[in-house]
Amino acid sequence: VEIAVLRERAVGETRVAATPETVRKLVALGAGVVVESGAGLAAMVTDDDYIAAGARIASSDVARGADIVFGVQGPEIDLLAGVNPGAWVVAGLDPFARRDRVEAYAAAGLEALAMEFMPRITRAQSMDILSSQSNLSGYKAVLVAANLYGRAFPMMMTAAGTVSAAKVFVMGVGVAGLQAIATARRLGAQVSATDVRSATKEQILSLGAKPIFVENVAGIEGEGAGGYATEMSPEYQKAQAELVSGHLAKQDIVITTALIPGRAAPRLISDEQVATMKRGSVIYDLAVAQGGNVEGSVADEIVERHGVRIVGFANTPAQLPADASALFARNLYNFLAAFWDKDKGRPLLDEEIGNAIRLTQGRKVVHERLLG
Ligand code: NAD
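Just so you know, these numbers come straight off a predicted model, no measurement behind them.

Rules used in this analysis
- Residues numbered from 1 in each chain as written.
- Predicted model: local features only at pLDDT ≥ 70, side-chain atom pairs only at ≥ 80, totals over all residues.
- Helix = DSSP H or I, 4+ residues; strand = E, 2+ residues; numbered from the N terminus.
- Rg over C-alpha atoms; globule rule 2.2 N^0.38 Å.
- Buried ≥ 20, exposed ≤ 12 C-beta atoms within 10 Å, placed from the backbone.
- Contact = placed C-beta atoms within 7 Å.
- Core = buried A, V, L, I, M, F, W, Y, C linked by C-beta atoms within 7 Å.
- Axes fitted to C-alpha atoms, helices over the stretch in contact; angles between N-to-C directions.
- Parallel < 35°, antiparallel > 145°, perpendicular 65-115°, else oblique.
- Nonpolar A, V, L, I, M, F, W, Y, C, P; charged D, E, K, R; others polar.
- Pairing = 2+ DSSP bridges.
- Arc of directions from axis to C-beta.

## Some thoughts on the overall build of the protein chain
Part 1 of the reasoning: Helices and strands together make up the secondary structure of the protein chain, namely 10 helices and 19 strands.
Part 2 of the reasoning: For a compact globule of 372 residues, the expected C-alpha radius of gyration is about 21 Å, and the protein chain comes in at 22 Å, within 12% of that figure.
Part 3 of the reasoning: Over its C-alpha atoms, taken along the principal directions, the protein chain stretches across nearly 65 × 50 × 35 Å.
Part 4 of the reasoning: Among the 372 residues that make up the protein chain, the fraction classed as buried is 47%.
Part 5 of the reasoning: Long-range contacts, defined as pairs at least 24 residues apart, comprise 62% of the intrachain contacts of the protein chain with a sequence gap of at least 6.

## Focus: the nonpolar core
Part 1 of the reasoning: Residues Val-5, Val-69 and Phe-70 are the most contacted members of the largest nonpolar core, which totals 111 residues.
Part 2 of the reasoning: Per-element tally for this core: the top contributor is helix α9 (residues 321-338), with nine residues.
Part 3 of the reasoning: Sequence-distant contacts of Phe-70, that is, excluding residues within four places in its chain, are made with Ile-3, Ala-4, Val-5, Ala-17, Ala-18, Val-90, Ala-91 and Leu-332.

## Let's talk about the packing of helix α1 (residues 20-29) against α9
Part 1 of the reasoning: The N-to-C vectors of α1 and α9 enclose an angle of 10°; their axes lie 10 Å apart at closest approach. The orientation of α1 with respect to α9, classified from their angle, is roughly parallel. Along the contact surface, α1 presents Thr-22, Lys-25, Leu-26 and Leu-29, while α9 presents Ala-329, Arg-330, Leu-332, Tyr-333, Leu-336 and Ala-337.
Part 2 of the reasoning: Taken together, the residues that form the contact of α1 with α9 break down as seven nonpolar, one polar and two charged.

## Looking at the sheet that holds strand β10 (residues 190-194)
Part 1 of the reasoning: Strand order in this open sheet of seven strands is β11-β10-β9-β12-β13-β15-β14, and the pairing throughout is mixed. Each of the sheet's edge strands pairs with one partner strand only, and the pair in question is β11 (210-211) and β14 (302-305).
Part 2 of the reasoning: Bridge count between strand β9 (residues 167-171) and β10: five bridges; the pairing is parallel. Looking at the pairing, Met-171 lines up with Thr-194 of β10.

## Concerning the sheet that holds strand β1 (residues 2-5)
Part 1 of the reasoning: The six strands are arranged β3-β2-β1-β4-β5-β6 in an open sheet whose pairing can be described as parallel. With partners counted over all chains shown, the strands left at the sheet margins are β3 (56-58) and β6 (111-114), one partner each. Put simply, the sheet's adjacent strands are angled 25° from each other on average, direction ignored.

## Structural notes on helix α3 (residues 99-107)
Side chains that are three or four residues apart share a direction in an α-helix, a result of its 3.6 residues per turn.
Part 1 of the reasoning: Of the residues making up α3, those classed as buried are Arg-101, Val-102, Tyr-105 and Ala-106. Seen along its axis, α3 keeps its buried residues to an arc of 145°; they face one direction.
Part 2 of the reasoning: Structurally, α3 contributes buried residues whose contacts are with β5 (88-92), β6, β18 (360-361) and β19 (364-365).
Part 3 of the reasoning: Residue Gly-109 follows α3 closely and has a positive phi angle near 80°.

Function cannot be inferred from these measures alone, as they are strictly geometric.
Here it is in structure tokens:
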């Protein structure tokens, strides 16, 4: 098969869906790889690096003749002219926001595979783009917040007196939140965290942070299918808001990461709550692209409200282009390799993962979350 790796077109996207390492491995599987000229530049990979790894470079019509097209974000349909019938589009396809594009893939007879729908099962962990990218986001969010903060993170005892430790509060303790906790701890902050899934309490403790949890409220178990959070009861939301309000007013840095798949991100911090925070505090809203956890956060802006800066970079992994690409590219390689059929010389999906990620097939939208 022929795999085409496109240069990303989205504004601010620095990542690339294959690296020389994964090109080498794809070639070893028996695939041909064509990379669009300049695709890796923002991630510090040159065309020559790809050529050395066994890829061909093309400047136009990159997808022509391809059986599989790789992207970080979903390619617009006009970039897919000439692909083979039934070709796979493998990328983060943002299916809810870009339903129009999913329809276009269907109409073009493509098989669109949304990598963000990878099920959370053990064997799919190495293919999970949400995990690999969230991990880096959690780390970077803390560094960016630390940079904007006008004080230090660790407690420092100096001849001129003591500098006190920053208080960091992480809301949403999934993959990004855990990494944010670990990073803030490494920088010497005093860290606390909260989530709706009570299983995270132990994880928070094990990282040396303090869990902040609502107790004894109906509907407290916020874990739904596949380890994802569910929407919480009104009682729970009220109790959580009260608990968090008292805590927030004492924090210097807040990192919010709460997402609910397929829905707008839950609102965790209101403008009123921001107003109770200290001047100079920094909030990093990692959910801004899904509507934001923080009232007033704006995608790709740093907004100042009541003396508090609210950071809303929509694409945080893109701030770590080399590592984010390396992990993303490995996710895609691991995916193809896991399903590679040696005799047929191409990947064949099984039902469990195929049904979870396949959006279009036979010129139709087929994914249950996009029907009904
Ligand atoms: P996510 O990005 O969907 O959400 C981030 C966190 O926000 C989650 O922990 C969620 O519980 C929390 N949250 C949602 N609503 C909230 C609210 N109102 N208040 C506070 N917190 C709220 O989650 P994620 O980072 O992708 O991970 C979720 C879980 O799935 C984790 O336990 C993770 O380890 C697991 N996981 C497993 C696999 C696998 O087995 N293949 C892969 C990825 C993640």
